[in-house]
Amino acid sequence: MTTVTRFAPSPTGYLHVGNLRTALFNYLITRKAGGTFILRLDDTDPERSKQEYVDGIKQDLEWLGIEWDRVERQSERLERYEDAAQKLREIGRFYECFEAPTELDLKRKKQLNMGKPPVYDRAALDLSEAEKDALRAERGQGHWRFKLDHERIEWTDGILGDISIDAASVSDPVLIRGDGQFLYTLASVVDDTEMGVTNVVRGSDHVTNTATQIQIIRALGGDVPSFAHHSLLTGPQGEALSKRLGTLALRDLRERGVEPFALLSLMARLGSSQPVELCTSMDELVDGFDISNFGAAPTKFDEQDLFPLTARYLHGLPLEAVADDVAALGVPADKAEKFWSVVRENITVKGDMAGWWDLFQNGATAVVDDEDAEFIATALSMLPEPPYGDNTWATWTAEVKEATGRKGKGLFMPLRKAVTGQARGPEMADVMALLQTKPTV
Ligand code: GLU
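Positionally, R6 belongs in strand β1 (residues 4-7). For R6, a relative accessible area of 5% corresponds to the buried category. Engagement of the side chain of R6 in a polar contact is seen with the side chain of D192, the distance being 2.8 Å.

Put into structure tokens, the structure is as follows:
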């Protein structure tokens, strides 16, 4: 059986790191097994779903190199869901309810007060046809619930292991709202069944859904796929990330200079027993991925970890990979190779290149300690005007050493700080070779 997976975001917002985990796991499983990876847009909510987010989701996946084989939109499949609903009605597993949200709320509160689980009491099952007609006339169409069989629902989860949920502890799920909108639980099952999805990988917030969905799949005569629920991400201290996810949108990380392979490498390993390793190709990620290495415990995510990985990724890149970015800064073609080899080890994100190019072109604001003021004045008076070359630094520092008697760190460090305005950076011989303005204080 070929593997079929799907990544099923609702286009009601942009993708964030939590969604990425789901997308990546499904993608890697499929690429490893050689199957079909479907991008499914769960857009049955016409008010909250926006084309802007559909486009945004695709852009973000493309940026990461996560390629889908096919796109499906739930809004285009409504008649399939209607057929399924009809089938559930015919087999007596679907019933109409009329409680208003406030009534349901009240029922739940009463149950909780009595120490009972807040499970829907199925009062609507006792309504006669005449009572339903009266309620419909008064309140409009009802909402529809799937009647669960009260038995234990069991599956072996690809991450969580053996799961057993008592269906009696779960409310009969609402599958159609009063306004006729199909809800995710039904739409997802119909799609998974009809599209031959073999592996469902999603966040552990869906475990209860899975229990009810297994019964719905069986009721509709479909094949139950295998399920794996990955843990949810928390912040570095274990705090819930849900409120901050808005600021961890993939496009924001991209904006901040995070490189795709930094993000993919971290996400492919975080929460697993394997160490995080920087991968620089999708093949490497695919080869190293094994979902059985992931654990059930919440996974701590610290966005700061993305920056050292980004820096390491950039250090390893040849000029060809960044030629456009280098050219866009205005670096002339004959200096590009030298420029990139000099700066790549001194940047965290690509955007840092601009600062170095500015320095090479226009010089830095010199940093001169009081005790070095005279020394620097002497040294600078011995430096000719540009152009400089590969030997400028060696020649200059030899002459300054001769004239001032300084050597070692006492010679080089004040010069570095005067020329670059900082205590660390590329080899000074390279800096001088690229410098186009004579340093001043
Ligand atoms: N649209 C659902 C979500 O984003 C999909 C869940 C699933 O993978 O079934 O949570």
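Moving on from the model shown.
Next up on the list: the sheet that holds β1. With parallel pairing, the 3 strands of this open sheet are ordered in space as β1-β2-β3. Looking at the sheet topology across the chains shown, the edges are occupied by β1 and β3 (70-73). Taking each pair of neighbouring strands and ignoring which way they run, the sheet shows an average axis angle of 30°. Pairing analysis gives 4 bridges linking strand β2 (residues 36-41) to β3, with the strands arranged parallel.

In the vicinity of the ligand, the contacting residues are R6, A8, S10, D42, Y184, S188, R202 and H206. For the ligand, an oxygen atom lies 2.7 Å from a polar atom in the side chain of R202. Starting from 300 Å² of accessible surface for the ligand in isolation, the protein chains cover 79%. More than half of the atoms of the ligand fall within 2 Å of the grid points belonging to the largest pocket. For the shell around the ligand, the class distribution of residues is 2 nonpolar, 3 polar and 3 charged.

Each value, and the rule that gives it
In this convention, every chain numbers its residues from 1, walking through the sequence in written order. Note on the predicted model: pLDDT of at least 70 is required for a residue's local features to be given, and 80 or more for side-chain atom pairs to be given and counted; whole-chain, interface and lining totals, by contrast, use all residues. Here the side-chain values reflect all heavy atoms present in the structure, with hydrogen atoms and water set aside. Strands are runs of DSSP state E lasting at least 2 residues, helices are runs of H or I lasting at least 4, and numbering of each runs from the N terminus. Relative accessible area decides the class of each residue, using a 1.4 Å probe on protein chains only: under 20% of the type maximum gives buried, over 50% gives exposed, and in between gives partly exposed. Definition of a polar contact: a pair of N or O atoms within 3.5 Å, with one able to donate and the other able to accept a hydrogen when the atoms are protein atoms, and with sequence-neighbouring residues admitted only if both atoms are side-chain atoms. In short, DSSP must find at least two bridges between two strands for them to pair. Axes here refer to lines fitted to C-alpha atoms; in helices the fit is confined to the stretch in contact. Angles between the N-to-C directions go from 0 to 180 degrees. We define proximity as follows: a residue is near a molecule or strand when any one of its heavy atoms falls within 4 Å of that partner. Throughout, the Shrake-Rupley method with a 1.4 Å probe supplies accessible areas, and for residues the shown protein chains are the sole cover considered. In the cavity and pocket records, a cavity denotes points on a 1 Å grid over the protein atoms alone where a 1.4 Å probe fits but cannot get out, a pocket denotes an open set with protein on both sides within 12 Å along at least 5 of 7 lines, and lining residues are residues with an atom within 4 Å of a point. Whether a molecule lies in a cavity or pocket depends on its atoms, and more than half of them have to be within 2 Å of the grid points. In this count, Pro and Cys sit with the nonpolar residues alongside Ala, Val, Leu, Ile, Met, Phe, Trp and Tyr, while Asp, Glu, Lys and Arg are called charged and the others, Gly among them, polar.

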